[in-house]
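Working through the structure, step by step
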Amino acid sequence: MSLSLKRKLDYHYRYFSKEKISPDPLEFLHKYSKFEDIEIIGFLASVFAYGNVKQIINILSEIEKILSGEPYNFVLNFNNKKDGKYFSNLKHRFYSGEDIISLFGILNLVYSNYSTLRDLFLLYYFDDESNLKSTISCFSQNLLHLCDKCNGGSTYRSGIKFMFPDPLKGSACKRMNLFLRWMVRKDELDLGLWSEIPTHKLIIPVDTHVARICRELKLTKSKNVSWIMAEEITQNLKKYDPIDPVKYDFAICHIGMRKLKF
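Presented here is a report on the structure given in the accompanying data block.

Calculation rules
- Residues numbered from 1 in each chain as written.
- Predicted model: local features only at pLDDT ≥ 70, side-chain atom pairs only at ≥ 80, totals over all residues.
- Heavy atoms only, no water.
- Helix = DSSP H or I, 4+ residues; strand = E, 2+ residues; numbered from the N terminus.
- Rg over C-alpha atoms; globule rule 2.2 N^0.38 Å.
- Salt bridge = Lys/Arg side-chain N within 4 Å of Asp/Glu carboxyl O.
- Buried < 20%, exposed > 50% of the residue type's maximum accessible area, 1.4 Å probe, protein only.
- 1 Å grid on protein atoms, 1.4 Å probe; cavity = no way out; pocket = protein on both sides within 12 Å on 5 of 7 lines; lining within 4 Å.
- Points joined across faces, edges and corners; volume = space filled by probe spheres on them.
- Nonpolar A, V, L, I, M, F, W, Y, C, P; charged D, E, K, R; others polar.
- Axes fitted to C-alpha atoms, helices over the stretch in contact; angles between N-to-C directions.
- Parallel < 35°, antiparallel > 145°, perpendicular 65-115°, else oblique.
- Contact = heavy atoms within 4.5 Å.
- Disulfide = S-S within 2.5 Å.

What about the overall build of the protein chain?
From N to C terminus, the protein chain includes 13 helices and zero strands. The order of α-helices and β-strands along the protein chain, N terminus first, is α-α-α-α-α-α-α-α-α-α-α-α-α. Taking 262 residues into account, the globule formula puts the C-alpha radius of gyration at 18 Å, and the protein chain, at 18 Å, falls close to it. A principal-axis box enclosing the C-alpha atoms of the protein chain has dimensions of 60 × 35 × 30 Å.

Right, here's the structure in full:
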């Protein structure tokens, strides 16, 4: 373990306080106080968290207007025929308006049948597993199955597949790991609503910014962004905090994104 790297990691972790969140999709979660509202807006924010951060903030702002400050009530009462029209003209990179409508149909089924995303996720969680790889895989497969139910059994589109990647197929699952970081960890930034899962089970959300910085810091030898890389980085960060290694994610990501010096 490098003591100088630990000092730098801890310094940057403390530096990025709540006042320094923006621009980041996490800022949307801090607008709400009710469990279900935070969970839903957090899931939506993570699903759209790819591409240019300005684009991400813009699409989430558009969706937030449609939800009228009540994500849970909107999702619970969502009806494709009645409410689908609000999303038909929305697009975000690989997502079409149809994909977004399907996403809300999926969420409606989750909250109608399982009460919360947490309750569905915990169906697949087992304490004896080293991390959440298998849990994420089962969770994603269930969400795709719910999409089949929404669409009457028709084949789901590529945008929907992209929403729910599978770590067993090698995906780094950056967006799902980001959502889990927000839900499981508890500090000034992350909300910690899912207290049933220990923080050491989390895997760092790896995007191009995190991958680049972590290569520079020699936290990974992997060349390609993948689940293997995410596990490797997380394992190396456990040398600096074995209980909560993913706490460094926000700082590493934003140093890369804002082109700051580590």
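From this point, things continue past the structure.
A closer look at the pattern of salt bridges
For the coordinates displayed, the defined rule picks out 13 salt bridges. For Arg181, the salt bridge goes to Asp249, with nearest N and O atoms at 2.5 Å. Here Arg181, found in helix H10 (residues 174–184), pairs with Asp249, found in helix H13 (residues 249–257); they are 68 residues apart in sequence, far enough to count as distant. Using a relative accessible area of 3% as the deciding quantity, one classes Arg181 as buried. Note on Asp249: relative accessible area 2%, which makes it buried.

Here we look at the layout of surface pockets
Roughly 680 Å³ of volume is contained in the largest pocket. If you trace the largest pocket, you find 33 residues lining it, with Ala49, Tyr50, Gly51, Lys174 and Asp207 closest to the centre. The set of elements that each furnish at least two residues to the lining of the largest pocket consists of helix H3 (53–67), helix H9 (158–163), H10, helix H11 (208–216) and H13. The residue makeup of the lining of the largest pocket, split by class, is 20 nonpolar, five polar and eight charged.

Topic: the packing of helix H6 (residues 97–113) against helix H8 (residues 133–150)
Running from N to C, H6 and H8 cross one another at 105°; their axes reach a closest spacing of 9 Å. On the basis of the axis angle, H6 is roughly perpendicular to H8. Of the residues in H8, those touching H6 at Ser102, Gly105, Ile106, Leu109 and Val110 are Leu143, Leu146, Cys147, Lys149 and Cys150. Looking at side-chain class alone, the contact of H6 with H8 contains seven nonpolar, two polar and one charged residues.

Topic: the environment of Ser33
By the secondary structure assignment, Ser33 is in the loop between helix H1 (3–15) and helix H2 (35–47). Judged by relative accessible area, Ser33 falls into the exposed class, the value being 71%. Expressed as a C-alpha distance, the spacing of Ser33 and Ile63, which sit 30 residues apart in the sequence, is 18 Å.

Brief notes about the state of the cysteines
Any covalent bond linking the sulfur atoms of two cysteines counts as a disulfide. Scanning the entire structure with this criterion turns up zero disulfides. Looking at the unpaired Cys138, the closest cysteine sulfur is the one in Cys173, lying at 12 Å. Since its relative accessible area comes to 35%, Cys138 is described here as partly exposed. Of the cysteine sulfurs around Cys214, a residue in no disulfide, the closest is that of Cys253, at 10 Å.

Observations regarding unusual backbone geometry
Residue Pro23 is reached from Ser22 by a cis peptide bond, and omega for that bond is 0°. In this structure, Pro23 sits in the loop between H1 and H2. Positive phi values are uncommon outside glycine, yet Ser115 reaches one of about 80°. By relative accessible area, which is 44% here, Ser115 ends up partly exposed. Phi at Lys259 takes a positive value of approximately 55°, unusual for a residue other than glycine.

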